[in-house]
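# Chain and residue survey
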Amino acid sequence: MAADVTIMAGVCVSTLCTGAVESNNAGWVRLLATFVCVVCQWHTGVLVGTAATLVVTGSLVSALAVAGASAPLLTAAIWIVVAGTLSRIVWVLLERVARTADRVMAEAAATRRAHRVAETIRAQEREFAGALHDTAATTLLMVGTERPDTRWLATQARRDLELLRAYAQHPREDAHLARALRDLVETLPLTGVFDGPAMVSVPPPVTCAVLDAAREALNNVVRHARADRVHVRLRGGSGWVRVTVADDGCGFDVDTVPVTRRGVRESIRRRLANVGGSATITTRPHHGTTVALEWRGE
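Conventions we followed
- Residues numbered from 1 in each chain as written.
- Predicted model: local features only at pLDDT ≥ 70, side-chain atom pairs only at ≥ 80, totals over all residues.
- Heavy atoms only, no water.
- Core = buried A, V, L, I, M, F, W, Y, C linked by side-chain atoms within 4.5 Å.
- Buried < 20%, exposed > 50% of the residue type's maximum accessible area, 1.4 Å probe, protein only.
- Helix = DSSP H or I, 4+ residues; strand = E, 2+ residues; numbered from the N terminus.
- Contact = heavy atoms within 4.5 Å.
- Expected span 1.5 Å × (residues − 1).
- Arc of directions from axis to C-beta.
- 1 Å grid on protein atoms, 1.4 Å probe; cavity = no way out; pocket = protein on both sides within 12 Å on 5 of 7 lines; lining within 4 Å.
- Points joined across faces, edges and corners; volume = space filled by probe spheres on them.
- Nonpolar A, V, L, I, M, F, W, Y, C, P; charged D, E, K, R; others polar.
- Phe/Tyr/Trp six-rings, centres within 6.5 Å; stacked < 30°, edge-to-face > 60°.
- Axes fitted to C-alpha atoms, helices over the stretch in contact; angles between N-to-C directions.
- Parallel < 35°, antiparallel > 145°, perpendicular 65-115°, else oblique.
- Left-handed = near helix turned anticlockwise from the far one by under 90°.
- Salt bridge = Lys/Arg side-chain N within 4 Å of Asp/Glu carboxyl O.

### Notes on the nonpolar core
Grouped together as the largest cluster of nonpolar side chains are 36 residues, with contacts concentrated most on Leu181, Val210, Leu234, Val241, Val243, Val245 and Leu293. Breaking this core down by element, the ones donating at least two residues are helix H7 (177-186), helix H8 (204-225), strand E2 (229-237), strand E3 (240-247), helix H9 (263-274), strand E4 (278-283) and strand E5 (289-296). If you tally residues by element for this core, the top one is H8, at ten residues. Excluding its chain neighbours within four sequence positions, the residues that come into contact with Leu234 are Leu177, Ala178, Leu181, Phe194, Asp195, Gly196, Pro197, Val200, Val241, Arg242 and Val243. Core analysis: the second largest hydrophobic core is formed by 18 residues, Val21, Ala33, Val56 and Ala69 among them.

Here you go:
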């Protein structure tokens, strides 16, 4: 900055040697000096900017006065100080506005981060609550069901504990849909039939959602359907999967399910909706129930 001011002062003084005043050719020097003083305010502190403006303006006014410049030309040169002052004011205001904008943006970003964290926590809590409902709570309620063989309860309880432990420790990314569905059917306390390929490849979140929804559908068969037989069918391909759970039980009226019951609403339908899938329940009293779980990628 010192070098810039020195050079500009030298240019101003050079008007004494070039005859710029006599030939009415000093306007470019004034414009250049004004530009230097204005821009100087954007890169220096108040003291340095003020000193630079006074030095440049003083050099130009002194040179013009010695060269015999007219009063209007001297007045125009003095206005460089005003231009520099206005530039400083504008810069200070811009800095304040920028700092305010930065602060507002930072607060907004922090709010968005907090909102995302809270949403993630709530989603995890809902997922764990759904897992608790579908496993331990359901198994405990099944103790009182009228089933001739209750030996399956120990195996079911052990699987519930393993599943809850997996939910609490880490996301389930290694679930194999076909194998898991087959295992679920084999542990049912009624006649179960699994029909499906050995492997269906879908994204892990979809696998977990379909598997959990199917587990809840089978839990409902055991608890409420009074069925003798349930048929689980798995079909899938590149970018799609469909699982149907059909029983020969008593059926029910979907519209009469209380809003406080979360099995169909949360554990089945919402789970599929969260991964972009859908769940369709077809049933009527005394004609069994079919739950169709479907997901198709974009």
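### Concerning helix H4 (residues 46-66)
Here H4 spans 30 Å end to end across 21 residues, near enough to the 30 Å set by a 1.5 Å rise per residue. For H4, the complete set of buried residues consists of Gly49, Ala52, Thr53, Val56, Thr57, Ser59, Leu60, Ala63 and Leu64. Each buried residue of H4 lies within a common arc of 150° when the element is viewed along its axis, so the set occupies one face. Opposite the buried face of H4, at more than 90 degrees from it, the exposed residues are Leu47, Leu54 and Val66. Within two residues after H4, Gly68 carries a phi angle of roughly 80°, on the positive side.

### Things to note about helix H1 (residues 2-13)
Compared with the 16 Å implied by 1.5 Å per residue over twelve residues, the 16 Å span of H1 between its first and last C-alpha is a close match. Here H1 has its buried residues at Val5, Met8, Ala9 and Cys12. Down the axis of H1, the buried set is contained in an arc of 100°. They therefore lie on one face. More than 90 degrees from the buried face of H1, the exposed residues found are Ala3, Thr6 and Ile7. Buried-residue contacts for H1 involve helix H2 (15-18), helix H3 (27-40) and H4.

### Thoughts on empty space enclosed by the protein
Evaluated as defined, the whole model comprises two cavities of 30 Å³ or more. Here the second largest cavity defines a volume of roughly 40 Å³. Along the walls of the second largest cavity sit Met1, Asp4, Val5, Val36, Cys37, Cys40, Ala52, Thr53 and Val56, which together make up its complete lining. Sorting the residues of the lining of the second largest cavity by element identifies H1, H3 and H4 as the ones contributing at least two each. The residue makeup of the lining of the second largest cavity, split by class, is seven nonpolar, one polar and one charged.

### Observations regarding the packing of aromatic side chains
Per the stated rule, a full pass over the model turns up one aromatic pair. Summarising the aromatic geometry, the rings of Trp42 and Trp91 are spaced 6.4 Å apart at their centres and angled 25° between planes, so their arrangement reads as stacked. Here Trp42 is found in the loop between H3 and H4, whereas its partner Trp91 is found in helix H5 (residues 71-142), with 49 residues between them in sequence.

### Brief notes about the packing of H7 against H8
The contact between H7 and H8 brings their axes to 10 Å, and the two run at 15°. In terms of orientation, H7 and H8 fall into the roughly parallel class. For H7 against H8, the interelement crossing comes out right-handed. Across the interface between the two elements, Leu177, Ala180, Leu181 and Leu184 from H7 touch Thr207, Val210, Leu211, Ala214, Arg215 and Leu218 from H8. Broken down by class, the residue content of the contact of H7 with H8 amounts to eight nonpolar, one polar and one charged.

### Focus: the pattern of salt bridges
Note that side chains of opposite charge can pair when their charged atoms are close. All chains considered together, the criterion is met by five salt bridges. Among the salt bridges present, the one from Arg215 reaches Asp212, with a minimum N-O distance of 2.9 Å. Residue Arg215 and its partner Asp212 are located together in helix H8, separated by three residues, close to a single helical turn. Side by side, Arg215 and Asp212 carry an identical accessibility label, which is buried. Put simply, Arg242 and Glu294 hold a salt bridge, and the shortest N to O gap is 3.1 Å. Of the two residues, Arg242 sits in strand E3 while Glu294 sits in strand E5, which places them 52 residues apart along the sequence. Glu294 gets classed as partly exposed once you look at its relative accessible area, which sits at 21%. Among the charged side chains, a network of salt bridges with common partners joins Asp212, Arg215 and Arg271.

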